[in-house]
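Here is how the chains run, residue by residue.
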Protein chains: 2
Amino acid sequence: MTHSIHAGAGASRRHFLKTSGALLAAGGAWASTTGEAFAAKASAKPLSGKIRIARNQVVLFQGDSITDAGRSRDKAGMANDQSALGGGYAAMAAAGLLLDHPDHGLKIYNRGISGNKVFQLTERWESDCLKLQPGLVSILIGVNDFWHTLSGGYKGNVETYERDYRALVQRTLEALPGVGLVICEPFVLRSGAVNDKWFPEFDKYRKVSRSIANDFRALFVPFQLAFDRAVKYAPADHWAKDGVHPSAAGAALMAHTWRSYVQHRGAP
Amino acid sequence: MTHSIHAGAGASRRHFLKTSGALLAAGGAWASTTGEAFAAKASAKPLSGKIRIARNQVVLFQGDSITDAGRSRDKAGMANDQSALGGGYAAMAAAGLLLDHPDHGLKIYNRGISGNKVFQLTERWESDCLKLQPGLVSILIGVNDFWHTLSGGYKGNVETYERDYRALVQRTLEALPGVGLVICEPFVLRSGAVNDKWFPEFDKYRKVSRSIANDFRALFVPFQLAFDRAVKYAPADHWAKDGVHPSAAGAALMAHTWRSYVQHRGAP
């Protein structure tokens, strides 16, 4: 009997993760891949807060449906609760943190809400962020800020997004001195709902998120890069059928990417 | 600025996973830890089916609430669907498989149902296992077979469990020649609902699951061992508040353990 789980295409998987790993380790070097040369600047500055997992620290995931991922509203007040964390990347990253740091007394919350744009985060920031006194805040917001201009009658634009997002970050850093701030890049895949109408306009939102991370010295997680690489190994719909909402595989890729950046980029 | 995510207790975490890894690599050698010397026999026999991840293969997770973990019934027919996979170890292991093997066209289902005992798996085995034609079946069943004798008025005992479980496995191997079969050890932690009344009776159910795996040459995943080690790093309620249902951290530990055994134990 052979037990050949790693035979054949196993090699391509190892190549995939190894390549991603090499990119992660290289930090800003991947900027040349995307042609966004300004990205290298971000890594040259120290971060504004300490990205670390401290004892009894509150960790907060914030965002839209991608973060929400079906989380229980009833249990939203319970830290580390499986149903309160939802079924997406935030839950997987949280579970990984709790496995990695079993003795830290971490309190992890997910407060993503489906459909949210940045101004809606602003409206609920007091109760759904500041009040929780997080030591680490991770934000993923932006896809609806553009998408809803196509399909939802939303009148905002990329300037609205940038203005609101900068104000939100400013407010967060003032209210929570020393907070570790993670800004995740909004992303799409060319599949399902995502067609040519999205480009190049959507790319501006991605660049705004990166420039805010840079200006406020937050840790930036380049999800678009992760998915751009992933589609070389499986079609877009393996990772996100409608191009916006990640599949289980897409969520696992995001959690892997998030943890790689948050846990290793800050290493000495 | 320092980014000291791995400072301090990071060392204990590395020790934890490194130790687990060493145990995993040692295979049957850990039997001496638990005193269950017969365990070493299991690793000496070839497995009945090929434990592998083949192209277009159906992978099925079966069990009780621990597997169920809030999965969507409406979407149960959709392979790889985030909500259909639930929020527990099965979803995390599935997402990991889909990330590791993006080009394999895997179809992964979760058909765990909360409260199930082994006879209830038997009742729905045709529609919830055989009909799906899985190439890999992972079963975790047994905690309710004992628990419900304490609190639910259930009249079965460990002989019932063994007889029904053996018949189920026999039927599976006859209906699906060459199927890769994974038998997961039922487990509890001394917390919440789990008190002295559980022992030593519950241990018999664990041993039955191991002996069935051994006799039918299935791959055995010793979850009790994983949790017995984990409680040295954090209290039982970090891993499973009521002693039965894993937390997010407990589910992540299970997914890590499952993937380590299923993916590496079979390696040359």
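Residues numbered from 1 in each chain as written. Chains lettered and ligands numbered in written order. Predicted model: local features only at pLDDT ≥ 70, side-chain atom pairs only at ≥ 80, totals over all residues. Heavy atoms only, no water.

Colleague: What's the story with the overall build of chain A in this structure? I'm lost.
Modeller: Within chain A, the secondary structure is distributed over 13 helices and five strands. Taking all 268 residues of chain A together, 60% fall into the buried category. If you take every contact in chain A between residues at least 6 apart in sequence, the share linking residues at least 24 apart comes to 78%. Of the accessible surface of chain A, which amounts to about 10200 Å², a share of 53% is contributed by carbon and sulfur atoms. (Helix = DSSP H or I, 4+ residues; strand = E, 2+ residues; numbered from the N terminus. Buried < 20%, exposed > 50% of the residue type's maximum accessible area, 1.4 Å probe, protein only. Contact = heavy atoms within 4.5 Å. Areas by Shrake-Rupley, 256 points an atom, 1.4 Å probe, with all protein chains shown as cover.)

Colleague: Whenever I open this one, the pattern of salt bridges confuses me. Can you help?
Modeller: In total, this model carries 22 salt bridges over all chains according to the counting rule given. Close ionic contact of Arg 73 of chain B with Asp 68 of chain B constitutes a salt bridge, the shortest N to O distance being 2.6 Å. Three or more residues joined by partner-sharing salt bridges are found here, namely Arg 111, Arg 124 and Asp 128 of chain A. (Salt bridge = Lys/Arg side-chain N within 4 Å of Asp/Glu carboxyl O.)

Colleague: What is the right way to look at the environment of Gln 170 of chain A in this model?
Modeller: Note that Gln 170 of chain A resides in helix α9 (residues 158-175). Each C-alpha atom of the pair Gln 170 of chain A and Met 92 of chain A lies 28 Å from the other, and the pair is 78 residues apart in sequence.

Colleague: Where do I start with the side chain of Asp 100 of chain B in this structure?
Modeller: Turning to its location among the elements, Asp 100 of chain B is positioned in helix α6 (residues 89-100). One polar contact links Asp 100 of chain B to Arg 259 of chain B, side chain to side chain, over a distance of 2.6 Å. (Polar contact = N/O pair within 3.5 Å; in protein donor to acceptor, adjacent residues only side chain to side chain.)

Colleague: Explain the layout of surface pockets here, please?
Modeller: In this structure, the second largest pocket spans a volume of roughly 830 Å³. Lining the second largest pocket are 35 residues, and of these Gly 87 and Pro 246 of chain A together with Asp 81, Gln 82 and Ser 83 of chain B lie nearest its centre. At the level of secondary structure, the elements contributing two or more residues to the lining of the second largest pocket comprise α4 (65-68), α12 (236-239) and α13 (248-265) of chain A together with α5 (82-85) of chain B. Residues that form the lining of the second largest pocket fall into these classes: ten nonpolar, 18 polar and seven charged. (1 Å grid on protein atoms, 1.4 Å probe; cavity = no way out; pocket = protein on both sides within 12 Å on 5 of 7 lines; lining within 4 Å. Points joined across faces, edges and corners; volume = space filled by probe spheres on them. Nonpolar A, V, L, I, M, F, W, Y, C, P; charged D, E, K, R; others polar.)

Colleague: Which parts of the structure should I look at to understand the sheet that holds strand β2 (residues 107-110) of chain B?
Modeller: Consider a sheet: its strands pair through backbone hydrogen bonds, and that pairing is either parallel or antiparallel. Residues and elements named next belong to chain B. Across the sheet, which stays open at both edges, the five strands sit in the order β2-β1-β3-β4-β5 with parallel pairing between neighbours. Each edge of the open sheet carries a strand with a single partner, namely β2 and β5 (219-221). With direction set aside, neighbouring strand axes in the sheet form an average angle of 15°. Here strand β1 (residues 58-63) runs beside β2; their pairing, made up of four bridges, is parallel. Counterpart to Leu 60 in the pairing with β2 is Tyr 109. The strands touched by α6 are β1, β2 and β3 (136-140); relative to β1, the strand with the most contacts, the crossing angle is about 165°. (Pairing = 2+ DSSP bridges. Axes fitted to C-alpha atoms, helices over the stretch in contact; angles between N-to-C directions.)

Colleague: Which parts of the structure should I look at to understand the packing of aromatic side chains?
Modeller: Each aromatic ring pair is described using two quantities: the centre-to-centre distance and the angle formed by the ring planes. Residues and elements named next belong to chain B. If you walk through the whole model with that rule in mind, you get 26 aromatic pairs over all chains. Consider the rings of Phe 61 and Trp 258, whose centres lie 5.0 Å apart with planes at 45°: the pair is tilted. A residue pair is termed long-range when its members are at least 10 positions apart, and Phe 61 in strand β1 and Trp 258 in helix α14 (residues 248-265) qualify at 197 residues. Each member of the pair Phe 61 and Trp 258 is classed as buried. Pairing Trp 147 with Trp 198 gives two aromatic rings, centres 5.8 Å apart and planes at 45°, and the pair type is tilted. In this pair, Trp 147 is assigned in helix α9 (residues 143-151) and Trp 198 in the loop between β4 (180-184) and α11 (201-215), connecting sequence segments 51 residues apart. (Phe/Tyr/Trp six-rings, centres within 6.5 Å; stacked < 30°, edge-to-face > 60°.)

Colleague: Quick question: what am I supposed to make of the packing of α9 of chain A against helix α10 (residues 201-215) of chain A here?
Modeller: Axes are the key here: two packed helices are described by the angle between their axes and the distance separating the axes. All names here are of chain A. One can describe the packing of α9 onto α10 by two numbers: an axis separation of 10 Å at closest approach and a directional angle of 20°. What the angle tells us is that α9 and α10 run roughly parallel. Read as a crossing pair, α9 and α10 show a hand that is right-handed. Contact residues: Val 158, Tyr 161, Glu 162, Tyr 165, Arg 166 and Val 169 in α9; Glu 201, Lys 204, Tyr 205, Val 208, Ser 209, Ser 211, Ile 212 and Asp 215 in α10. When the residues that make up the contact of α9 with α10 are grouped by side-chain class, the tally is seven nonpolar, two polar and five charged. (Parallel < 35°, antiparallel > 145°, perpendicular 65-115°, else oblique. Left-handed = near helix turned anticlockwise from the far one by under 90°.)

Colleague: Quick question: what am I supposed to make of the confidence of the model for chain A here?
Modeller: In low-pLDDT segments, the atomic positions of the prediction should not be examined closely. Residues and elements named next belong to chain A. For chain A, per-residue confidence averages 84 on the pLDDT scale, and 79% of positions sit at 70 or higher. Between residues 1-15, whose pLDDT stays under 50, and residues either more than four places distant or in other chains, the model counts 29 contacts. Scored as a complex, the prediction yields pTM 0.84 and ipTM 0.82. (pLDDT = per-residue confidence, 0-100.)

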